[in-house]
Amino acid sequence: QVQLVESGGGLVQAGGSLILSCTVFGRTFSRYAMAWFRQAPGAEREFVAAIGRSGSMKYYADSVKGRFTISRDSSKNTVYLEMNSLKPDDTAVYYCAADQGAYWYRGLSSDYAYWGQGTHVTVSA
């Protein structure tokens, strides 16, 4: 059984920063590529960023490139999403996800088998 636990969400003003964390429990962290997705009210879940098992390969949605950074720390079984220059459009529930397969880089939620419960991020204007 794999469990993903997110933390770090909250309320921040536009232009501010937040760091989200997601810790993986139950299985070997290095088995999984990791990703962040988000879902705004009334919208579909969308890809934000993904990182490969070694941490050397990273992919970002165009909407967050240059502002968000995904990273992972194997010693802590944790993946991070550092979010800078936040905009009101970044307001959403952010979910981390884990994938053991080969297509993690596609940014499709259907490729990810394990999900966290989500953490709320609200960016005020």
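Quick note: structure is the one above.
The structure displayed is predicted, hence computed values, not measured ones.

Details of the pairing of strand 11 (residues 119–124)
For a regular strand, side chains alternate in direction, first toward one face of the sheet and then toward the other.
Moving on, step 1. Where burial is concerned, the two faces of strand 11 differ: the one with Thr119, Val121 and Val123 is buried and the one with His120, Thr122 and Ser124 is not.
Moving on, step 2. When strand 2 (residues 10–13) meets strand 11, the two strands line up parallel, connected through four bridges. Counterpart to Leu11 in the pairing with strand 11 is Thr122.
Moving on, step 3. As paired elements, strand 9 (residues 92–99) and strand 11 share three bridges and run antiparallel to each other. By the bridge assignment, Ala92 is partnered in strand 11 with Val121.

Section: the packing of aromatic side chains
Moving on, step 1. Applying the stated criterion across every chain yields a total of nine aromatic pairs.
Moving on, step 2. A ring pair is formed by Phe37 and Tyr112, whose centres lie 5.5 Å apart and whose planes are at 75°; its orientation type is edge-to-face. Here Phe37 is found in strand 4 (residues 33–39), whereas its partner Tyr112 is found in the loop between strand 9 and strand 10 (114–115), with 75 residues between them in sequence. Judged on exposure class, the residue Phe37 and its partner Tyr112 are both buried.
Moving on, step 3. Grouped by ring-pair contacts, the aromatic residues Phe37, Phe47, Tyr112 and Trp115 constitute a single cluster.
Moving on, step 4. Note that Arg45 overlies the ring of Tyr95, its terminal NZ or CZ placed 3.9 Å from the centroid.
Moving on, step 5. In this structure, Arg45 packs its charged tip against the face of Trp115, placed 4.7 Å from the ring centre.

Overview of the nonpolar core
A general tendency of soluble globular proteins is for nonpolar side chains to be buried together.
Moving on, step 1. Counting 36 residues, the largest nonpolar core has Met34, Trp36, Leu81, Met83 and Tyr94 as the members making the most contacts within it.
Moving on, step 2. When contributions to this core are tallied by element, the ones reaching two or more residues are strand 3 (18–25), strand 4, strand 5 (46–51), strand 7 (68–73), strand 8 (78–83), strand 9 and strand 11.

A look at the state of the cysteines
Moving on, step 1. One pass over the structure, following the stated rule, counts one disulfide.
Moving on, step 2. Note on cysteine connectivity: Cys22 is disulfide-linked to Cys96, with sulfurs 1.9 Å apart. Taken together, the positions of Cys22 in strand 3 and Cys96 in strand 9 put the pair 74 residues apart, joining distant regions of the chain.

The rules we used
Residues numbered from 1 in each chain as written. Predicted model: local features only at pLDDT ≥ 70, side-chain atom pairs only at ≥ 80, totals over all residues. Heavy atoms only, no water. Buried < 20%, exposed > 50% of the residue type's maximum accessible area, 1.4 Å probe, protein only. Helix = DSSP H or I, 4+ residues; strand = E, 2+ residues; numbered from the N terminus. Pairing = 2+ DSSP bridges. Phe/Tyr/Trp six-rings, centres within 6.5 Å; stacked < 30°, edge-to-face > 60°. Lys NZ or Arg CZ within 6 Å of the ring centre and 35° of its normal. Core = buried A, V, L, I, M, F, W, Y, C linked by side-chain atoms within 4.5 Å. Disulfide = S-S within 2.5 Å.

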